[in-house]
Amino acid sequence: MKIIADTKPELKGIVFEGEARLHGVACEMATDGLKIKMVWQPMADHQRQRFIHICDAAGTVLRQGTPDDYSETQLEPQQFWVDEAFIKLEMLEGASFVGIGFYSPQLKSARVLSGPRSMGKHRLNIFNLLQDGAQAAGQTH
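Nothing here was measured: the structure is a model prediction, and the numbers come from that model.

Rules of the game
Counting starts from 1 at the beginning of each chain's written sequence and moves along it residue by residue. The predicted nature of this model means local features are confined to residues of pLDDT at least 70 and side-chain atom pairs, given and counted, to a pLDDT of 80 or more, with totals for whole chains, interfaces and linings taken over all residues. Side-chain descriptors were evaluated using all non-hydrogen atoms of the structure, hydrogens and water having been removed beforehand. Under the DSSP-based scheme used, a helix requires at least four consecutive residues in state H or I and a strand at least two consecutive residues in state E, with every element numbered from the N terminus. Only protein chains enter the accessibility calculation, which uses a 1.4 Å probe; a residue whose area is less than 20% of its type maximum is buried, one above 50% is exposed, and one in between is partly exposed. Here a residue-residue contact requires only that any non-hydrogen atoms of the pair lie within 4.5 Å. Here the accessible surface of atoms and residues is derived via Shrake-Rupley with a 1.4 Å probe, and residues count as covered only by protein chains that are part of the display. Every case where a carboxyl oxygen of Asp or Glu lies within 4 Å of a side-chain nitrogen of Lys or Arg is listed as a salt bridge. Only protein atoms enter the 1 Å grid used here, on which a cavity is any set of points holding a 1.4 Å probe that cannot leave and a pocket is any open set flanked by protein within 12 Å on both sides along at least five of seven lines; residues with an atom within 4 Å of a point are listed as lining. Grid points are joined across faces, edges and corners, and a volume is the space filled by probe spheres set on the points. Note on residue classes: Ala, Val, Leu, Ile, Met, Phe, Trp, Tyr, Cys and Pro are nonpolar, Asp, Glu, Lys and Arg are charged, and everything else, Gly too, is polar. For this analysis, a ring pair means two rings from Phe, Tyr or Trp (six-membered ring only for Trp) whose centres lie within 6.5 Å, classed as stacked if their planes differ by under 30 degrees, edge-to-face if by over 60, and tilted for the remaining angles.

Asks: Kindly report on the overall build of the protein chain, identifying the contributing residues and their values.
Replies: A count of helical and extended segments in the protein chain gives 2 helices and 11 strands. Traced from its N-terminal end to its C-terminal end, the protein chain shows the element sequence α-β-β-β-β-β-β-β-β-β-β-β-α. Within the span of the protein chain, comprising 141 residues, buried residues form 41% of the whole. Nonlocal contacts in the protein chain, meaning residues at least 24 apart in sequence, comprise 60% of its contacts between residues at least 6 apart. When the accessible surface of the protein chain is split by element, carbon and sulfur atoms take 51% of a total near 7,800 Å².

Below, the structure written as structure tokens:
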């Protein structure tokens, strides 16, 4: 699968404690926003909902992706699913990075076991707007 093949090594095979394993993530900056595609494998005890945080340099959440931003496709029953999210350009204003994780009011946030993390190791940082965004802009010119 192209998403997994194109994923940076530090973002492959990331385990979100008790929830899922992220096999791959592809982020693409477009003129109208950020396109995100993720390939997941759920764990048996999967109970939390995925979140997307749009954060400033200090890691403060400026905005969150909403359910309207997502679409989900299950590839094989209980095996893999693909999430696609689109974050509009205005939602990224003032942000430094985008991070993902899992949360429920009862269980709180799942710990992320590896990769570039923030929020006390409960959020995986998947796209740095200053570095990755600048590289994407350079590729489109």
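Asks: Account for the pattern of salt bridges, with residues named and values stated.
Replies: On inspection of all chains with the given rule, the structure shows 3 salt bridges. With its nearest N and O atoms 2.3 Å apart, the salt bridge here joins Asp-83 to Arg-50. With Asp-83 in strand β7 (residues 80-88) and Arg-50 in strand β4 (residues 49-55), this pair connects stretches of sequence that are 33 residues apart. Of the residues examined, Asp-83 reaches a relative accessible area of 0% and is grouped as buried.

Asks: Account for empty space enclosed by the protein, with residues named and values stated.
Replies: Overall, the coordinates contain 1 cavity of 30 Å³ or more when judged by the stated rule. By volume, the largest cavity amounts to about 40 Å³. If you trace the largest cavity, you find 10 residues lining it, with Met-38, Trp-40, Arg-50, Phe-51 and Ile-100 closest to the centre. Looking at the lining of the largest cavity, the elements that each hand over two or more residues are β3 (33-42), β4 and β8 (97-104). Split by residue class, the lining of the largest cavity holds 7 nonpolar, 1 polar and 2 charged.

Asks: Now, about the packing of aromatic side chains: what can you tell me, with residues and values included?
Replies: A full pass over the atoms with the stated rule returns 4 aromatic pairs. Ring centres of Phe-16 and Phe-102 lie 5.3 Å apart, and the angle between their planes is 70°; on these two criteria the pair is classed as edge-to-face. A residue pair is termed long-range when its members are at least 10 positions apart, and Phe-16 in strand β1 (residues 14-16) and Phe-102 in strand β8 qualify at 86 residues. On the accessibility criterion, Phe-102 (0% relative accessible area) is buried. Ring pairing ties together the aromatic residues Phe-16, Trp-40, Trp-81 and Phe-102, which thus form one cluster.

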